Each structure stands twice: as structure tokens, then as C-alpha cells.
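The chain contents come next:
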Amino acid sequence: MKKYFNIFGVLFLLIAMSFNALEMFSSMTKVEFVEGSKTLKFTTKVNTSHISKAVGIDPNTAGFDAEVKKYVNANVAVAVNGTNKILTFTGSQVNGESVFVYYEATGVSDVSSLRIKNSILTNVYPKQVNIVNVSYKGNLKTVNFQKGKETADVDF
């Protein structure tokens, strides 16, 4: 009987340790082309505690939005048809365990190629994976970013 308790104890310990080590580090970004306003609109969803650690400020403080803006400007870039575009931060919204970050690139009349840089959280979490879905005139392309592969091209 004692032998079974020891075996059960070891199995329980192994299972408990495996759950503790499994933490996901990811973000999801949706990029949509709005033809009427000639704008690429970006919506990025990140884990609240992860982005809070990266920007070094509590998400419930007044300066959080400004720090997220600086962080996005330093870690996201886009070039449309070979021309770098300025990303305009339009806000962020804390929603429980997630933060939604909104920004856009204006003056985009037609897209044949995009070069996207996305290094969000890769400096804090080396196993971070950033997924970007780009929707342009009915076409959907998905690109993954991670440490060492922070830039990718999307062709339409």
C-alpha cells in the first residue's frame, strides 16, 4: 500500500510541475484595410500582466496609456509598398486579463506588399509568439513573429 502512495505522490508531483511550467506568451494583432478612409487599422490583444511588466507600470494608473503608446511605437513598424508609414496610437483598453491596443497608418491607397515589424514582448519573454492577421480586400494572410524573427513580408 505504501508503494502505491509513493507512486501516486511522484505522479502527482510530476503533473503539478508540468502545469506550473506551461505559460503561454502570445499576442494577437488584427490588421484591416479601410478603403473609405485609406487606413490600415491595427488592434493588438496582449496579456495585461505581461504588457504591464514590459512597460513597467500598473495598468490601472493614469500613465499606462502613454507608456503603452511609447512601447508600441518602439516595437511595431509597417512599410506599405516599400514606404515606411507612421503609426498613430489611438488608444488602449484594459479588459480584465487582456489589453487591447489600437493604432493606425493613414494615407494607404493600395497595398501590394507590407513589411511588418512586431517585437511586442519578445524582449521580456523570449518564447513570445506574436500572431498577425492581415485582411485586405477579402484576402486574409497570417504571419507569426518571435524573437529572432521580428520582421516579415506580406504580399497581395
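Residues numbered from 1 in each chain as written. Predicted model: local features only at pLDDT ≥ 70, side-chain atom pairs only at ≥ 80, totals over all residues. Heavy atoms only, no water.

Q: If you had to explain the sheet that holds strand 3 (residues 76–80) to someone new, which residues and values would you point to?
A: Spatial ordering of the open sheet is given by 4-3-7-10, a layout of four strands whose pairing is antiparallel. Taken across any chain shown, the strands that pair with only one partner, and hence form the sheet edges, are strand 4 (83–85) and strand 10 (151–155). Across this sheet, the average inter-strand angle for adjacent strands is 25°, counted without regard to direction. For strand 3 and strand 4, the ladder comprises three bridges, and the chain directions are antiparallel. Each bridged residue has a counterpart across the sheet, and for V80 the counterpart in strand 4 is T83. Packing against the sheet, helix 3 (residues 64–75) makes contact with strand 3 and strand 7 (113–118), and its axis sits at approximately 50° to strand 3. (Pairing = 2+ DSSP bridges. Helix = DSSP H or I, 4+ residues; strand = E, 2+ residues; numbered from the N terminus. Axes fitted to C-alpha atoms, helices over the stretch in contact; angles between N-to-C directions. Contact = heavy atoms within 4.5 Å.)

Q: Can you explain the pattern of salt bridges? Please cite residues and give values.
A: Two side chains that carry opposite charge are able to pair once their charged atoms sit near each other. If you walk through the whole model with that rule in mind, you get six salt bridges. Linking K30 and E32 is a salt bridge whose minimum nitrogen-to-oxygen distance equals 3.8 Å. The structure contains a network of salt bridges with shared partners spanning E35, D110 and K137. (Salt bridge = Lys/Arg side-chain N within 4 Å of Asp/Glu carboxyl O.)

Q: How would you explain empty space enclosed by the protein if you had to name every residue and give the values?
A: All chains considered together, the criterion is met by one cavity of 30 Å³ or more. In this structure, the largest cavity spans a volume of roughly 30 Å³. Looking at the largest cavity, the residues that line it are T29, V31, F42, V76, Y103, I116, N118 and V132. Contributing elements (two or more residues each) for the lining of the largest cavity: strand 1 (26–34) and strand 7. Here the lining of the largest cavity is composed, by residue class, of six nonpolar, two polar and no charged. (1 Å grid on protein atoms, 1.4 Å probe; cavity = no way out; pocket = protein on both sides within 12 Å on 5 of 7 lines; lining within 4 Å. Points joined across faces, edges and corners; volume = space filled by probe spheres on them. Nonpolar A, V, L, I, M, F, W, Y, C, P; charged D, E, K, R; others polar.)

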